[in-house]
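# Fold and contact review
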Amino acid sequence: MGFKHWNAGGYSGLRVLAEGLLGNKGWTPAWRDPAPKDSYDAVIIGGGGHGLSTAYYLAKNHGLTNIAVLEKGYLGGGNVGRNTTIVRANYFLPGNSEFYSHSLKLWEGLEQELNYNVMHSQRGLINLFHSDGQRDAFARRGNAMVNQGDDAVLLDRAGVRRMLPYLDFDNARFPIYGGLYHARGGTARHDAVAWGYARGADRLGVDLIQNCEVTGIDVEGGRVLGVQTTRGAIKARKVAMIVAGRSGQVAAMAGMRLPVESHILQAFVTEGLKPCIDHVISFGMGHFYISQSDKGGLVFGGDLDFYASYAQRGNLPMVEHVMEAGMALMPMIGRPKVLRSWGGIMDMTPDGSPIIDKTHIDGLFIDCGWNYGGFKAVPASGWCMAHLMATGESHEVARGFRLNRFETGHLLDEEGTGSQHNLH
Ligand SMILES: Cc1cc2nc3c(=O)[nH]c(=O)nc-3n(C[C@H](O)[C@H](O)[C@H](O)COP(=O)(O)OP(=O)(O)OC[C@H]3O[C@@H](n4cnc5c(N)ncnc54)[C@H](O)[C@@H]3O)c2cc1C
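Residues numbered from 1 in each chain as written. Predicted model: local features only at pLDDT ≥ 70, side-chain atom pairs only at ≥ 80, totals over all residues.

### Notes on the nonpolar core
The cut-off we apply is this: By convention the nonpolar core is taken to be a set of buried residues drawn from Ala, Val, Leu, Ile, Met, Phe, Trp, Tyr and Cys and joined through C-beta atoms within 7 Å. Any residue with 12 or fewer other C-beta atoms within 10 Å of its own C-beta is exposed, any with 20 or more is buried, and the rest are partly exposed; the C-beta atoms used are placed from the backbone. Labels follow the DSSP assignment, with helices taken as runs of H or I lasting at least four residues and strands as runs of E lasting at least two, numbered in each case from the N terminus. Domain borders in the structure are assigned automatically or taken from a domain database. Throughout, a pair of residues is in contact if the C-beta atoms placed from their backbones lie within 7 Å.
In terms of nonpolar packing, the biggest core is built from 116 residues, with A42, V43, I44, I45, A55, I67 and A240 touching the most fellow members. With eight residues, helix α11 (residues 378-391) is the single largest residue contributor to this core. Residue contributions to this core reach at least three from each of two domains, namely domain 2 (31-82 + 191-259 + 351-423) and domain 3 (112-188 + 262-348). In contact with A240, not counting residues within four places along its chain, are A42, I44, I45, T54, F365, D367, M385 and M389.

### Considering the UniProt feature "domain: Rhodanese" (unreviewed entry) in the chain
Under the convention used in this document: UniProt positions are given in the numbering used here, feature names are shortened, and annotations may be inferred rather than shown by experiment.
UniProt feature "domain: Rhodanese" (unreviewed entry): in the numbering of this structure it lies at residues 43-86. Across residues 43-86, helical content stands at 32% and strand content at 18%; the span's end C-alpha atoms are separated by 29 Å.

### Overview of the site of the ligand
Cut-off, in case you're wondering: We count a residue as near a molecule or strand when its backbone-placed C-beta atom lies within 6 Å of that partner. Residue polarity follows a fixed list, in which Ala, Val, Leu, Ile, Met, Phe, Trp, Tyr, Cys and Pro are nonpolar, Asp, Glu, Lys and Arg are charged, and the others, Gly among them, are polar.
The local shell around the ligand holds 40 residues, among which G46, G48, G78, G344 and G374 are the closest. Residue classes in the shell around the ligand are distributed as 15 nonpolar, 19 polar and six charged. If you count residues domain by domain, the shell around the ligand takes at least three from each of domain 2 (31-82 + 191-259 + 351-423) and domain 3 (112-188 + 262-348).

### Structural notes on helix α10 (residues 316-329)
Stated precisely, the cut-off is as follows: Expected span of a helix, by definition, is 1.5 Å for each gap between consecutive residues, and there is one gap fewer than residues. Summarising the geometry, the arc corresponds to the directions from the helix axis toward the C-beta atoms.
A rise of 1.5 Å per residue sets the reference length of α10, with its 14 residues, at 20 Å; its end C-alpha atoms lie 20 Å apart and thus fit the reference within 8%. Residues of α10 that are buried include every one of M318, V322, A325, G326 and L329, and no others. The buried residues of α10 occupy an angular sector of 100 degrees when the element is viewed end-on, so they sit on one face. Exposed positions of α10 whose direction lies more than 90 degrees from the buried face are L316, P317 and E320. At its buried positions, α10 is contacted by β12 (261-270), β13 (280-283), β14 (288-292) and β15 (298-308).

### Notes on the pairing of strand β18 (residues 364-368)
The cut-off we apply is this: Any two strands with at least two DSSP bridges between them are considered paired.
With five of five residues buried, β18 is to be regarded as a mostly interior element. Along β18, one buried face is formed by L364, I366 and C368 and the opposite face, lined by F365 and D367, is buried too. Sheet topology note: the strand β11 (residues 232-241)/β18 ladder contains three bridges and is parallel. Each residue of the ladder has a partner; that of V239, found in β18, is L364. Bridge count between strand β17 (residues 355-358) and β18: four bridges; the pairing is antiparallel. Within the sheet, the bridge partner assigned to I355 lies in β18 and is C368.

### What to know about helix α8 (residues 190-203)
Relative to the 20 Å expected for 14 residues at 1.5 Å per residue, α8 spans 21 Å between its end C-alpha atoms, a close match to the ideal helical length. Counted residue by residue, α8 has eleven buried out of 14 residues, so it is predominantly covered. Here α8 has its buried residues at H190, V193, A194, W195, G196, Y197, A198, R199, G200, A201 and D202. Taken together, the buried residues of α8 touch α3 (49-62), α5 (110-114), β8 (207-209) and α11. Immediately beyond the C-terminal end of α8, within one or two residues, lies G205, with a positive phi of roughly 105 degrees.

### Some remarks on unusual backbone geometry
Glycine aside, negative phi is the norm for most residues, and most peptide bonds take the trans geometry. The backbone phi angle of T85 is positive, close to 65 degrees, even though this residue is not glycine. With respect to the helices and strands, the residue T85 is situated in the loop between β2 (67-70) and β3 (86-87).

### With respect to the environment of N211
The topology assignment puts N211 in the loop between β8 and β9 (214-220). Sequence spacing of N211 and G73 is 138 residues, and the spatial spacing of their C-alpha atoms is 4.8 Å.

Right under this line is the structure:
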């Protein structure tokens, strides 16, 4: 008992040892389960990675602690716990590259910052290329990454073969010419990121309210007044909509129509194997990416299901497409059994880049449009959204993520695929 008070719920090696000796009876829940108050200074709708990191940095960086995160399900039950966990800073366009560069730096200190093991593993990411034209494009991207202060090395075919000897280098359709190696890229345990930020925010005084769905947004005279929820009305001078795949539906509660479509992305994991894939591999031609989890499962995914949906589960044609791409890249993948597959709802914008901005309603903010790359953005998105909510100004690394760029034409089309949501 005395020990519990002495350590006040903190995590340390000494505590693990002491708890082990004392029968592990002193552990307490990682965060409180408070009832919602009638009013807060700020309310965040959505307890995913971005909502939780925003709450954490609002409290930590800006001293705003009278805030609540309202989550309709349980913390980490959305995309933050459904992704393939790839963390990287290999963007090309100014506007994107400084943001993801900032995010990767935050990732590199995250475990110390949160005192939580998010299993961030910088095992290196290799983007393969399969033609001379693609090599040129990757050389250009690599130079942009280095200019941004991040790392990139262009590997020739022999260089890739040394690192990934098990690939099919002479595939008739997509022979491997080389790869762009990003050594600081890697993976992290996705739900631990949600739990770490949740615990950190709770310890700074933020109320995390689960099973609390926002059903309406109260606006009067162009100003936000609060929200209606399944657990009653809550007043707030600032409200942030950070609900990923549900952005269109929640923004509609404030009468807004967003340039966002919701699409399904599936992921897959095999039975546990001995370590065989040491890196993250991205195979752009087949749109397939893979890594191996610390439990041994091969974790991989591919394209969106290509039709707009809120179903949170995908269909068989994309399963077949992903398996074919895996077989084309590394035939050995045909041996293990797939254990599980699942889907998440992706908030796709017409240029593939996100939105972190104010809205035309005073006090109402929006953070959305993460497409299928929002996991790696969790730290910087929270950092920049908190900055915007606290100061009223966009953070310098998020200035490109304006909502009105779809009117003004200042698009950030990293893929160069035009305005079709499902192609980004
Ligand atoms: C299969 C898959 C693979 C992916 N792979 C990667 C990857 O490798 N790397 C990468 O960087 N990104 C990846 N992503 C993308 C990334 O997961 C998302 O962009 C990111 O998690 C979205 O932000 P979030 O964590 O805040 O979303 P979420 O976790 O979905 O959070 C939104 C929350 O809002 C809540 N909510 C919705 N409506 C309401 C309401 N009315 N009231 C209250 N709460 C509400 C939801 O319940 C949910 O918990 C992948 C996504 C999927 C699905």
